[in-house]
Amino acid sequence: MNKEYLDNLSKDQLDTRIYNLNNELNQEWHLERIMSLKTAMNLQSEIAYCKALLENFKPEENQSDRFHRHMENINGE
């Protein structure tokens, strides 16, 4: 699991990643049993990490967002 990569995903990308990992786990572990237990556990760990990121999702604020927020504070909007 590449946490740095996962930490930089958007909310939609995290949702897609969780969906894809669940599909892979269901297909290769639960249905066909072609995945090793260690790999299945790694996938479950990555799914849990992605879900935790999603629950605590805070998009990064860029320079433009900071400027507009600052102007709103100044103008009292």
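For the structure itself, consult the block above.
Note that this is a predicted model, so its numbers are computed, not measured.

Asker: I would appreciate a short explanation of the overall build of the protein chain in the present structure.
Answerer: Per the secondary structure count, the protein chain includes 4 helices and 0 strands. Secondary structure elements in the protein chain, listed N-terminal to C-terminal, are α-α-α-α. By sequence separation, contacts in the protein chain at least 24 residues apart represent 60% of the contacts at least 6 residues apart. In the form shown here, the protein chain has an accessible surface area of approximately 6200 Å², with 47% of it arising from carbon and sulfur atoms.

Asker: Just checking my understanding: could you explain the environment of E28 for this structure?
Answerer: Summarising the element assignment, E28 is placed in helix α2 (residues 11-31). In this structure, the C-alpha to C-alpha distance between E28 and A40, residues 12 residues apart in sequence, is 8.6 Å. Ignoring any residue separated from it by four or fewer positions in sequence, one finds E28 in contact with R33, I34 and M35.

Asker: Before we go on, may I ask you to explain the packing of aromatic side chains in this structure?
Answerer: The way to describe two aromatic rings as a pair is by their centre distance and the angle between their planes. If you walk through the whole model with that rule in mind, you get 0 aromatic pairs. Across the ring face of W29, the terminal group of R33 is positioned such that the distance to the ring centre comes to 4.7 Å.

Asker: Help me understand the packing of α2 against helix α3 (residues 37-55) in this model?
Answerer: Two measures define how a pair of helices packs: the angle their axes make with one another and the distance between the axes. Where α2 meets α3, the axes come as close as 10 Å, and the angle between the chain directions of the two elements is 155°. Classified by the angle between their axes, α2 and α3 sit roughly antiparallel to one another. As for how α2 packs across α3, the hand of that crossing is left-handed. Every residue of α3 that contacts α2 at K11, L14, D15, R17, I18, L21, N22, E24, L25 and W29 is listed here: L37, A40, L43, Q44, E46, I47, C50, K51, L53 and L54. In terms of residue class, the contact of α2 with α3 is made up of 12 nonpolar, 2 polar and 6 charged.

So, how was this worked out
Residues numbered from 1 in each chain as written. Predicted model: local features only at pLDDT ≥ 70, side-chain atom pairs only at ≥ 80, totals over all residues. Heavy atoms only, no water. Helix = DSSP H or I, 4+ residues; strand = E, 2+ residues; numbered from the N terminus. Contact = heavy atoms within 4.5 Å. Areas by Shrake-Rupley, 256 points an atom, 1.4 Å probe, with all protein chains shown as cover. Phe/Tyr/Trp six-rings, centres within 6.5 Å; stacked < 30°, edge-to-face > 60°. Lys NZ or Arg CZ within 6 Å of the ring centre and 35° of its normal. Axes fitted to C-alpha atoms, helices over the stretch in contact; angles between N-to-C directions. Parallel < 35°, antiparallel > 145°, perpendicular 65-115°, else oblique. Left-handed = near helix turned anticlockwise from the far one by under 90°. Nonpolar A, V, L, I, M, F, W, Y, C, P; charged D, E, K, R; others polar.

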